[in-house]
Amino acid sequence: MGSIVYLSRIETFSAAHRLHSPSLSDEENEKLYGKCNNPNGHGHNYKVEVIVKGKIDPLTGMVMNLEELKECIKITVMNVLDHKNLDHDVPYFKNIPSTSENLAVFIWYNIKDYLSEKSHEEKLYEVKLYETEKNVVIYRGEKSDD
């Protein structure tokens, strides 16, 4: 019986966005999102932590090669989001608000798709996204029934 270990990698990226829901009026958006609804947007220096979970391979001594995880994050997060305007440069956010919650889900599925191609999909455990030092979102791939 092997030991289960959680392996984490942290990266930072900068991105701009405007909190705005196309399903709401301009007045409702302004009331809901306040200064974050500024038509010119605003930016964050995000920190993303990707955690994988698995058994330690007795041959390599690793859950997953950190170089593989680093490359995964580079391709699925950094190349897609760093120094981008989420609302204009990332098609996923064309019709949904670019909140941290939605961004964490977007990152999860990008990573999951990449890892599934490498036969590591089942190892993805958690995406933790820091919008600020005090605002953190965690996503583990869970979905509600509604």
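Before reading on, note that the structure itself is shown above.
The paragraphs below set out a description of the structure included in this document. If you're wondering where the values come from, they're calculated on a predicted model, not measured in any experiment.

1. Points about the overall build of the protein chain
Then comes step 1: Within the protein chain, the regular secondary structure consists of four helices and five strands.
Then comes step 2: Its helices and strands in sequence order give the protein chain the pattern β-α-β-α-β-α-α-β-β, from N to C terminus.
Then comes step 3: Expressed as lengths along the three principal axes of its C-alpha atoms, the size of the protein chain is roughly 60 × 35 × 30 Å.
Then comes step 4: Among the 146 residues that make up the protein chain, the fraction classed as buried is 38%.
Then comes step 5: Sequence separation of at least 24 residues holds for 68% of the intrachain contacts in the protein chain that already meet a minimum separation of 6.
Then comes step 6: Roughly 9,100 Å² of accessible area belongs to the protein chain as shown, and the carbon and sulfur atoms make up 48% of that amount.
Then comes step 7: Across the protein chain, 18 positive and 24 negative side-chain charges occur, with their mean positions spaced 4 Å apart.

2. A few points about the packing of helix α2 (residues 66-81) against helix α4 (residues 100-117)
Then comes step 1: Running from amino to carboxyl end, α2 crosses α4 at an angle of 140°, the nearest separation of the two axes being 9 Å. Classified by the interaxial angle, the pair formed by α2 and α4 is oblique. Crossing of α2 over α4 shows right-handed handedness. Residues E71, C72, I75, T76, V77, V80 and L81 of α2 pack against L103, F106, I107, N110, I111, Y114 and L115 of α4.
Then comes step 2: The residue makeup of the contact of α2 with α4, split by class, is eleven nonpolar, two polar and one charged.

3. Quick word on a negative patch on the surface
Then comes step 1: Together, D26, E27, E28 and E30 line one region of the surface with negative charge.
Then comes step 2: Mapped onto the secondary structure, E28 falls in helix α1 (residues 26-33).

Thresholds applied
Along each chain, residues carry numbers from 1 onward, in the same order as the chain's sequence is written. Given that the model is predicted, a residue must reach a pLDDT of at least 70 before its local features are reported, and side-chain atom pairs must reach 80 or more before they are shown or counted; all residues, however, enter totals for whole chains, interfaces and linings. As a convention, hydrogens and water are excluded, and side-chain values are obtained from all of the structure's heavy atoms. Going along the chain from the N terminus, every DSSP run of H or I of four or more residues is numbered as a helix, and every run of E of two or more is numbered as a strand. Each residue is placed in one exposure class: buried if its accessible area under a 1.4 Å probe, protein chains only, is under 20% of its type's maximum, exposed if it is over 50%, and partly exposed if it falls in between. Any pair of residues with heavy atoms lying within 4.5 Å of one another is described as a contacting pair. Surface accessibility in these figures is a Shrake-Rupley result with a 1.4 Å probe; residues are shielded only by whichever protein chains are displayed. Just so you know, the count uses Lys and Arg for positive and Asp and Glu for negative, and it drops His and the chain ends. Charge placement uses NZ in Lys and CZ in Arg. For Asp and Glu, CG and CD serve respectively. Lines fitted to C-alpha atoms define the axes here, with helix axes fitted over just the stretch in contact, and angles between the N-to-C directions of these axes take values from 0 to 180 degrees. Just so you know how the angles are binned, under 35 degrees is roughly parallel, over 145 roughly antiparallel, 65 to 115 roughly perpendicular, and the rest oblique. In this scheme the crossing of two helices becomes right-handed for a clockwise turn of the near helix relative to the far one and left-handed for an anticlockwise turn of less than a right angle. Only Asp, Glu, Lys and Arg are considered charged, only Ala, Val, Leu, Ile, Met, Phe, Trp, Tyr, Cys and Pro nonpolar, and every remaining residue, Gly among them, polar. Excluding any residue in a salt bridge, patches collect residues exceeding 30% relative accessible area, merging like charges within 9 Å and nonpolar Val, Leu, Ile, Met, Phe, Trp and Tyr side chains within 5 Å. Salt bridges are defined as contacts in which a side-chain nitrogen from Lys or Arg sits within 4 Å of a carboxyl oxygen from Asp or Glu.

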